[in-house]
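What follows is the residue order along each chain.
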Amino acid sequence: MTMHRRAVLSGILGGAAAFGLPRITFAAGEVQRVDDLIARMTIEEKAGQMTCLADAFRPFNPPNPQAGIQDEKRLSEEIRKGRVGCLFNGIGVAGARRAQELAVKESRLGIPLLFAGDVIHGLKTIFPVPLAEASSFDPELARSTARAMAVEATAAGLHLTFAPMADVARDQRWGRVVEGSGEDVTLTALLSAARVHGFQGRDLRRADSLLACPKHFAAYGAVAGGLEYGSVDISDETLRETHLPPFAASFAAGALTTMAAFSEINGVPATADRALLTDTLRGEMEFRGFVFSDYTADEELIAHGYAEDERDAARLAVLAGVDMSMQSGLYIRYLPELVKSGAVPMGTVDVAVRRILYVKLAMGLFDNPWRSLDEEAERTRIATPAHRALARDAAGRSIVLLKNSGVLPIDPSQGQKIALIGPFGEDRDNVYGPWAFYGDPGKGVDLATGLRAALPDAAKLAVEPGCGMDGPIDGGIARAVEIAKSADIVLLAIGESQTMSGEAQSRTTIEIPAAQQALADAIGATGKPVVVLLRHGRALALHGSVADAQAILATWFLGSESGHAVADVLFGTVNPSGKLPVSFPWESGQEPFFYDRKSTGRPVVDNRTEYRARYTTTDNSARFPFGHGLSYTEFVLDNLKLSDSAMRWDDTVEISVRITNKGSRRGSEVAQLYIRDRVASRTRPIRELKAMQRVSLSPGESRTIHFSLIRKDLEFIGQGSKRIAEPGMFDIWVGQSSTGGLHTQIELYAAALPKN
Ligand code: NOJ
């Protein structure tokens, strides 16, 4: 091995070993095998390894199918010639076997294919959308659902998922908020890392280990105005402070691939950004796997106005550090000539091919190209009762009780007449949420089915849509009002259809569609108690009778077990415990809106002047803040204590707080620790989440929990993009959301001060 190859290899090994994954050991012969292969490969075969095409062996209707080879026969020819290294977005063992047979037995070098796909929140068992699951504030839950997804995906003949989405999303107009973990960097980092662990498991060579691909590198969630595929203009400091850490956490957890974002940063499309994909990603972040382009993103460099033509686009992408081109076919078409003409050094191509082959080696594909292609697993490990039970549990833990005047939980034994009104009542097409392409249509539990199953007398439930998702139904509101009037309580199931969030679903307002708002207002006017069951893939600005309802549950898109999980919470079988991973603003116009914003020189809390940092129509607070979520019981925090109010440079300060369940039900609360650096050489947010702990308590029970704070927790990215901590005062809050909470302060002392 040359030094360089050794470095690449030890990077992979080191990354895995350092973060709890078992060592990935390559036998000397295996490494030699990669070297030998590269030595024998033609430039066309190398470009083939660097090409990922839509899977025509087992097509399923991918999200953007306009490009690429659409038939099996033509694709077979390409595989035989070694012109493809990876297929994506098809499932099924039989098709994958046909493709793998061609690669292994009929191509000149027999290099196995990698099968990738978008398994974002489930294959057949659909778990809550990632944003919903983020409401659990529970990395262990995220790990376990990712594990279950991996079992199903690998049983269906996949090796890699294009997940988790590690983009911090701060503008709710952006449709892809739904795919990530919300607006906070710490929460996103914790959940992304947990998902990587869950997907990959402990041993990459196991048949049920699914490679993770944290995406989209980088700052895709910062597109201006929330406009999909848009531009990002961002300081280097903010990029590093807010958008890179979830990727760093994912790589530290062992992820060996990533995907360049569609968007541009500061005038350079990520796909062509060598400073980003090579200097930062590999140099600074020590990423040692391989980089996918996003879907035809290399070709899109032309539309960006960054590449002259396809050849130029391929050149720019490969030189920037995109190792695997997704779907455009540009590498296979242009790399041979680009290398021949000297426009791209062969060494650059070899490094990319080596990265890809090492990943294939790490997952055991050379030893066993048939891994994850097992008909028995396909029959027995997909959509199992255990996964379904986990989906219900996860869905219950993803629901956030935003508001409750006391109408919830409903006691079904009281025999109340319940009206289920709204377009989501019996609808089964909007249960899974976006990015659940492989889920069987209609197999998710709708609300009415879930409620009927939980009611002693199903006849107590009357159902009426009242309107469509995005338009009125003839006589719908009148019928709904009649039913509401004869009911004791109304469940109003309204919100976004699943095509309103996800890729390419940016919206200018984040409100309930007008027809549904009209329905809600008509129901509100009946004076009946109303429980709003929101369906949504982003935070919403709520108005009128929706906001005024007696209770509101954020139910997002909960997946296969949606209706059961909502019934569990409505009837109190499950005590809600979710916390908002995104702030709900008062108005759409507040976006981009997130809790860890800056103070400004005229903070809204400063009552001395009317000339403050707020809109004239609403101040810049949240209707429901980040971290907010109620329970059917009541938790009280007290006894906030510090081991020391002074933190010396290398010391740890212990923070303890007592949590008591003062209510009459068992429940679970998330204690959230926030800091504020009072004075710094670069202004700091008004609050930053640093740690959280979930505690489950019986009625009357108290527990004291402990957080440890070290200097690293107080660091930030200072001027010139250096991570620094500065001595001085820090506010500390431990609370139940990003507002309020118990408050104290610590002072960080400079290194020079002696210990006492
Ligand atoms: C485009 C999306 O941006 C990306 O997230 C996805 O993985 C690819 N398409 C493949 O479907």
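Residues numbered from 1 in each chain as written. Predicted model: local features only at pLDDT ≥ 70, side-chain atom pairs only at ≥ 80, totals over all residues. Heavy atoms only, no water.

Draft legend 1. A look at the overall build of the chain. Scanning the chain for helices and strands turns up 22 helices and 30 strands. Against the 2.2 N^0.38 benchmark of 27 Å for 756 residues, the chain shows a C-alpha radius of gyration of 26 Å, consistent with a compact globule. Along the first, second and third principal axes, the C-alpha set of the chain runs to 75 × 70 × 45 Å. By the burial criterion, 62% of the 756 residues in the chain qualify as buried. (Helix = DSSP H or I, 4+ residues; strand = E, 2+ residues; numbered from the N terminus. Rg over C-alpha atoms; globule rule 2.2 N^0.38 Å. Buried < 20%, exposed > 50% of the residue type's maximum accessible area, 1.4 Å probe, protein only.)

Draft legend 2. Quick peek at the sheet that holds strand S30 (residues 742-748). The mixed open sheet is built from 5 strands, whose spatial order is S22-S30-S29-S24-S25. Looking at strand neighbours, the two that pair on one side only are strand S22 (646-647) and strand S25 (688-697), the edges of this open sheet. (Pairing = 2+ DSSP bridges.)

Draft legend 3. Broad picture of the layout of surface pockets. In this structure, the second largest pocket occupies an estimated 470 Å³ of space. Lining the second largest pocket are 23 residues, and of these Pro434, Trp435, Ala436, Phe437 and Gln498 sit closest to its centre. The class makeup of the residues in the lining of the second largest pocket is 10 nonpolar, 10 polar and 3 charged. (1 Å grid on protein atoms, 1.4 Å probe; cavity = no way out; pocket = protein on both sides within 12 Å on 5 of 7 lines; lining within 4 Å. Points joined across faces, edges and corners; volume = space filled by probe spheres on them. Nonpolar A, V, L, I, M, F, W, Y, C, P; charged D, E, K, R; others polar.)

Draft legend 4. Up close: the state of the cysteines. Inspection of the entire model under this criterion finds 1 disulfide. Two residues share a disulfide in this structure: cysteine 52 and cysteine 86, whose sulfurs sit 2.5 Å from each other. With a gap of 34 residues between them, cysteine 52 in strand S1 (residues 51-54) and cysteine 86 in strand S2 (residues 86-88) connect regions that are remote in the sequence. The class of cysteine 52 is buried, set by a relative accessible area of 0%. When its relative accessible area of 0% is taken as the criterion, cysteine 86 is described as buried. Note on cysteine 213: no disulfide assigned, nearest cysteine sulfur contributed by cysteine 86 at a separation of 9.7 Å. (Disulfide = S-S within 2.5 Å.)

Draft legend 5. Main features of the domain arrangement of the chain. What the domain assignment lists for the chain is domain 1 (2-34 + 122-379), domain 2 (399-590) and domain 3 (635-748). Domain 1 and domain 2 are separated by 36 Å when their C-alpha centres are compared. Between domain 1 and domain 2, the residue contacts involve 29 residues of the former and 32 residues of the latter. Taken together, both faces of the contact between domain 1 and domain 2 bury some 2,400 Å²; the carbon and sulfur share is 57%. It is Ile126, Gln172 and Arg173 that lose the most area in domain 1 upon contact with domain 2, and together they represent 25% of the buried surface on that side. (Domains from an automatic or database assignment. Contact = heavy atoms within 4.5 Å. Buried area = accessible area lost by both parts, 1.4 Å probe.)

Draft legend 6. Spotlight on the site of the ligand. Near the ligand the following residues occur: Asn89, Asp118, Phe162, Arg176, Lys215, His216, Met259, Phe262, Asp294, Tyr295, Met326 and Glu503. Between the ligand and the protein, one listed contact pairs an oxygen atom with a side-chain N or O atom of histidine 216 at 2.7 Å. When its residues are assigned to classes, the shell around the ligand shows 5 nonpolar, 2 polar and 5 charged. (Near = heavy atom within 4 Å. Polar contact = N/O pair within 3.5 Å; in protein donor to acceptor, adjacent residues only side chain to side chain.)

Draft legend 7. Fine view of the sheet that holds strand S26 (residues 702-710). Across the sheet, which stays open at both edges, the 3 strands sit in the order S21-S23-S26 with antiparallel pairing between neighbours. At either end of the open sheet lies a strand with only one pairing partner, and these are strand S21 (635-642) and S26. Pairwise comparison of adjacent strand axes, ignoring direction, gives a mean angle of 25 degrees for this sheet. Of the pairings in the sheet, the one linking strand S23 (residues 652-661) to S26 comprises 9 bridges and is antiparallel in character. For serine 656, the partnering residue across the bridge sits in S26 and is histidine 706. (Axes fitted to C-alpha atoms, helices over the stretch in contact; angles between N-to-C directions.)

Draft legend 8. Inspection of unusual backbone geometry at higher detail. A cis amide bond links alanine 163 to the next residue, proline 164, at an omega of 5 degrees. Note that proline 164 resides in the loop between strand S4 (160-161) and helix H8 (185-200). Note the cis peptide between lysine 215 and histidine 216, where omega equals 0 degrees. The phi dihedral of glutamine 327 falls on the positive side, at around 80 degrees, and the residue is not glycine. Mapped onto the elements of the fold, glutamine 327 is located in the loop between strand S12 (325-326) and helix H14 (330-340).

Draft legend 9. Local environment of the packing of helix H13 (residues 310-320) against H14. Contact geometry for H13 and H14: axes closest at 9 Å, N-to-C directions at 85 degrees. Our classification of the angle between H13 and H14 gives roughly perpendicular. Here Glu310, Arg311, Ala313, Ala314, Arg315, Ala317 and Val318 of H13 come into contact with H14, specifically with Leu330, Tyr331, Arg333, Tyr334, Leu335, Glu337 and Leu338. The residue inventory of the contact of H13 with H14, partitioned by class, reads 9 nonpolar, no polar and 5 charged. (Parallel < 35°, antiparallel > 145°, perpendicular 65-115°, else oblique.)

Draft legend 10. Expanded view of empty space enclosed by the protein. In the structure shown here, the tally under the stated rule is 3 cavities of 30 Å³ or more. The computed volume of the second largest cavity comes to approximately 100 Å³. In this structure, the second largest cavity is lined by 13 residues; those nearest its centre are Gln49, Gly82, Ser107, Leu109 and Ile111. Of the residues that constitute the lining of the second largest cavity, the class distribution is 7 nonpolar, 4 polar and 2 charged.

Draft legend 11. Geometry of the pattern of salt bridges. Going through the model one piece at a time under the given rule, you end up with 54 salt bridges. A salt bridge links arginine 80 to glutamate 106; the nearest nitrogen and oxygen atoms lie 2.6 Å apart. Taken together, the residues arginine 80 in helix H4 (residues 72-80) and glutamate 106 in helix H5 (residues 93-106) connect sequence positions 26 residues apart. Overall, the relative accessible area of 31% leaves arginine 80 in the partly exposed class. Taking the relative accessible area as the measure of exposure, glutamate 106 reaches 44% and is therefore partly exposed. The salt bridge involving lysine 443 is made with aspartate 440; its shortest N-O contact spans 3.8 Å. Each of the salt bridges in this network shares a partner with another, and the network as a whole consists of Glu241, Arg682, Arg684, Glu688 and Lys690. (Salt bridge = Lys/Arg side-chain N within 4 Å of Asp/Glu carboxyl O.)

Draft legend 12. Seen up close, the packing of helix H9 (residues 236-243) against helix H10 (residues 245-252). Contact pair H9 / H10: the axes reach a minimum separation of 5 Å and the direction vectors enclose 45 degrees. Overall, the two elements H9 and H10 adopt an arrangement that is oblique. Every residue of H10 that contacts H9 at Arg240, Glu241, Thr242 and His243 is listed here: Pro245, Pro246 and Phe247. Here the contact of H9 with H10 is built from residues that sort into 3 nonpolar, 2 polar and 2 charged.

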